[in-house]
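The residues making up each chain are set out below.
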Amino acid sequence: MIKNIRPQVGFASNNVKEHVLSKFRAEQSSDEYIISLCKQKFFNEAIKEFEFSKKKTGFCLNLNTYAYLISACSYLRSLEHGRKIHDHMLKSKSNPDLTLQNHILNMYGKCASLKDAQKLFDDMPERNVVSWTSVIAGYAQNGQGGNALELYSQMLQSGIMPDQFTFGSVIKACSSLGDIGLGRQLHAHVLKTEFGAHIIAQNALISMYTKSSLIIDALGVFSRMATRDLISWGSMIAGFSQLGYELEALCYFKEMLHQGVYLPNEFIFGSIFCACSSLLQPEYGRQLHGMSIKFGLGRDVFAGCSLCDMYAKCGFLSSARNVFYQIARPDLVAWNAVIAGFAYGGDTKEAIAFFSQMRHQGLIPDEITVRSLLCAFTSPLELYKGMQVHAYISKMGLDLDVPVCNTLLTMYAKCSEFHNAIFFFEEMRDNADLVSWNAILTACMHHNQVEEVFRLLKLMCISQHRPDYISLTNALGACTEIVSIEIGNQIHCFALKAGLALDFSVTNGLIDLYAKCGYLETACKIFDSMINPNVVSWSSLILGYAQFGYGEEALKVFETMRRLDVKPNHVTFVGVLTACSHVGLVEEGWQLYRKMEKEFGIVPSREHCSCMVDLLARAGCLNEAEGFIHKMAFDPDIVVWKTLLAACKTHGNVDVGKRAAENILKIDPSNSAAHVLLCNIYASKGNWEEFARLRFVMKQRGVRKVPGQSSIEVKNRIHVFFVEDRLHPEINKIYATLEELLLQMLDAGYVPFQK
């Protein structure tokens, strides 16, 4: 059993501490006293003693004391004091040895003063592996991987062989640059040296591979390690958690506990809580929460942030609140985590309350804070609150941050009219990034502004930001909305040239476009070219076949899909039910409808119910269709009743048709389609008295038949036609062509249907 034994070392009070230090000071020289303070990790006190003593005339320290003081500055990341101590050492004409110079190099690197480190390194008459490693580590730790690798190359040319610490720093530099090819070369180099099995180099390799999303390579290094430390386990568990292997993260955590060598720290618990969050398994999280308390980490800020996030994502907002209030000293990151948790959890009021508390505590919100808070505003009712936050952002100068502006743009797109979102985008357009363009394109689709999608896409193509898969998915969706195959073909060509045609979302968008435009053969070719089509791909193809009357083909595709163990979604069932309707497979349709919830857990929606009504009504089962409508789990809408009414016209059922029309008129008394369809039913049955009565009612109510319309795209232009249209500029040519077609039909033996 692992026990959490944490010795409590410290002074009973500040007075006792001062008394002990005073006694030490009286009994020891300055050198001895400073060294003793550093050994006990009283770094601030050691530096204060140096500041006090250097005022004395002729004050000087030995090289060993300077080394301890420089190490104290490294620990505290105090560049100011480090420079003062270095300067004092030079003025006292002390001749620093190589070890002390390496300490100073390390201090400058840790304090991010790379110019000072490089200057000292260049002036050193003698250098060893520690000298090179200190400067390389400084560059690697401060995001200058290129400089670190250049120094490493110079080191090899100088004949100095790297050690495990050098390899650790160089591998970290490769990781920061994202150069996995060079990282693999370094891995091979490490294996050829005597340090290939050293734990520091191996831990760096695990970290590099996990950051590059190469979990198998990281696991290979981990599996071959003769000994592992807490960093090895932590890196592997974090890698699994971050890359979507949550169950593996939990298994390795369990294995680490089972071995009983190391106690999990706050970082490991943070990774494990993140894994539970992704799995949406709060019960696992609760057990681990209890374990973290047993290990003394219940009030830790790092573990607490991840735990708070987990509870919020799993919908346990009260638990998230309790965890946050248990954190000993919540920092800005902790406040951001709890605000984000409540914002994404849909509790706008609580997110705003935490934001106010945070400001009262004296913490200044940063870009992440306001972006998290803005995500809470998702409906028109919350627009005013969002505008208040926008005003605060402008006041604090955070509106200069592009990601903040992108979140504001998304907020306006969700909460207000489209013109507000487009106005805000135009205001920020000069600074817009790829996310900004995609956000406004998504807003266009959300507000059904299809033409605006194409206008903005053209502007985007001539900007510095090229469209990506999100941009093209929106554009393809716009083409599908207006059934524009010509523009869709152009976007398809662009996707091929840009190397985006293999992206899942783009490919699915293309299948959907071609299928809905009637180009089923092209849609099928694109589908067949996919290596591993997902449920969206299958559903788009099934729906395309079904909508154009190829019911049998749609059902065959569905059977193939099931045979390959692809789980259908709600769109898939809309497609297969539509297919059954077109083919007239009533019994098969009923079976699929019943299986939908029982076998696949998909609760029937209005769309599924409309498909069932259409299936029954087309087959002439009008009474069954009407009975199905009355048994639906929700109130029937106009679409359902119109479906039944249209079928009644086809089958000449006056009674059911009359009831369907009455239900439509209850919902919308001025609905012209219901009046017209019912009139047609009366006329088809020769019931002219009811026909005349209904026409009179229509006239009294001012109900006018909405003329039918159709459209066609010719040379990138959409032409719209109404019934008996005489307004089109080329109307004479159109009617001349229609008369010619009619003559050809008559010559071919066609007899017009008359009733």
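Residues numbered from 1 in each chain as written. Predicted model: local features only at pLDDT ≥ 70, side-chain atom pairs only at ≥ 80, totals over all residues. Heavy atoms only, no water.

**Overview of the pattern of salt bridges**
Heads up, the rule is: In the sections that follow, a salt bridge refers to a side-chain nitrogen of Lys or Arg positioned within 4 Å of a carboxyl oxygen of Asp or Glu. Segments assigned H or I by DSSP are reported as helices when at least four residues long, segments assigned E as strands when at least two residues long, and all are numbered from the N terminus. Per-residue accessibility, obtained with a 1.4 Å probe over protein chains only, is compared with the maximum for each type, and a residue is labelled buried under 20%, exposed over 50%, and partly exposed between these values.
Enumeration over the complete set of coordinates arrives at 16 salt bridges. Between glutamate 80 and lysine 84 there is a salt bridge whose closest N-O contact spans 3.4 Å. Of this pair, glutamate 80 and lysine 84 both sit in helix H5 (residues 79–91), separated by four residues, roughly a single helical turn. Relative accessible area serves as the criterion here: at 52%, glutamate 80 is assigned to the exposed category. What makes lysine 84 partly exposed here is its relative accessible area of 32%. When the shortest N-O distance is used, the salt bridge between glutamate 283 and arginine 286 registers 3.8 Å. Taken as a pair, glutamate 283 and arginine 286 lie in helix H17 (residues 282–294) at a separation of three residues, close to a single helical turn. Taken together, the shared-partner salt bridges in this structure form one network comprising Glu426, Arg429, Glu452 and Arg455.

**Let's talk about the side chain of serine 471**
Which entries qualify depends on this criterion: Whenever a nitrogen or oxygen atom comes within 3.5 Å of another N or O atom, the pair is scored as a polar contact, on the condition that within protein one atom can donate a hydrogen and the other can accept it, and that pairs from neighbouring residues in sequence are kept only if both atoms are in side chains. In this description, contact between two residues means that some pair of their heavy atoms is separated by no more than 4.5 Å.
Position of serine 471 relative to the elements: it lies in helix H28 (residues 469–482). For serine 471, the side chain forms a polar contact with the side chain of aspartate 468, separated by 2.9 Å. Those residues within four positions of serine 471 in sequence are excluded, and the remaining contacts are Leu434, Asn438, Leu441 and Met460.

**Some remarks on the packing of helix H34 (residues 570–583) against helix H36 (residues 606–618)**
Keep this limit in mind: Lines fitted to C-alpha atoms define the axes here, with helix axes fitted over just the stretch in contact, and angles between the N-to-C directions of these axes take values from 0 to 180 degrees. Should an angle lie under 35 degrees it is considered roughly parallel, over 145 roughly antiparallel, and from 65 to 115 roughly perpendicular; all remaining angles are considered oblique. All amino acids are sorted into three groups, where Ala, Val, Leu, Ile, Met, Phe, Trp, Tyr, Cys and Pro are nonpolar, Asp, Glu, Lys and Arg are charged, and the leftover types, Gly among them, are polar.
It is at 8 Å that the axes of H34 and H36 come closest, and there the two elements cross at 10°. Judged on the interaxial angle alone, H36 and H34 are roughly parallel. Facing His570, Phe573, Val574, Leu577, Thr578, Cys580, Ser581 and His582 of H34, the residues of H36 in contact are Glu607, His608, Cys611, Met612, Asp614, Leu615 and Arg618. Class assignment of the residues belonging to the contact of H34 with H36 gives a composition of seven nonpolar, five polar and three charged.

**Thoughts on the side chain of serine 74**
Note that serine 74 resides in helix H4 (residues 63–76). Contacts of serine 74, omitting those with residues within four sequence positions, involve His103, Asn106, Met107 and Lys110.

**Comments concerning the confidence of the model for the protein chain**
Cut-off, in case you're wondering: pLDDT gives the predictor's per-residue confidence on a scale running from 0 to 100.
Mean pLDDT over the protein chain works out to 87, with 94% of the residues at or above the 70 mark. Counting contacts from residues 1–13, a segment whose pLDDT is below 50, to residues more than four positions away or on other chains yields 16 contacts.

**Some details on the packing of helix H12 (residues 199–211) against helix H13 (residues 215–223)**
The geometry of a pair of packed helices is captured by two quantities: the angle between their axes and the separation between those axes. To be explicit about the condition: Handedness of a crossing follows from how the near helix is turned relative to the far one, being left-handed for an anticlockwise turn of less than a right angle and right-handed for a clockwise one.
At a minimum axis distance of 7 Å, the contact between H12 and H13 shows a crossing angle of 165°. One element, H12, and the other, H13, form an angle in the roughly antiparallel class. In this structure, the crossing between H12 and H13 has a hand that is left-handed. Residues Gln202, Leu205, Ile206, Tyr209 and Thr210 of H12 form the contact with H13, whose own contacting residues are Ile215, Asp217, Ala218, Val221 and Phe222. Of the residues contributing to the contact of H12 with H13, the split by class is seven nonpolar, two polar and one charged.

**A word on helix H39 (residues 654–667)**
Convention followed: In this scheme, a helix's expected span is set at 1.5 Å multiplied by one less than its residue total. Directions drawn from the helix axis to the C-beta atoms are what define this arc.
Compared with an ideal rise of 1.5 Å per residue, which puts 14 residues at 20 Å, H39 spans 20 Å between its outermost C-alpha atoms and is within 8% of the ideal. Val656, Gly657, Ala660, Ala661, Asn663 and Ile664 are the residues of H39 that are buried. All buried residues of H39 lie within an arc of 160° about the axis, which places them on one face of the element. Every exposed residue of H39 that faces more than 90 degrees away from the buried side is listed here: Asp655 and Lys666. As for H39, its buried residues are in contact with helix H37 (622–631), helix H38 (638–651) and helix H40 (672–684). Capping the start of H39 is the job of one residue whose side-chain oxygen sits 3.4 Å from the backbone nitrogen of aspartate 655: asparagine 653.

**Brief notes about H5**
Across its 13 residues, H5 extends 18 Å between first and last C-alpha, which sits within 8% of the 18 Å expected from 1.5 Å per residue. Within the span of H5, buried status applies to Gly82, Ile85, His86, His88 and Met89. Projection of H5 onto a plane perpendicular to its axis shows the buried side chains occupying an angular sector of 160°, all on one side. Exposed residues on H5 whose side chains face more than 90 degrees from its buried face are Glu80 and Lys91.

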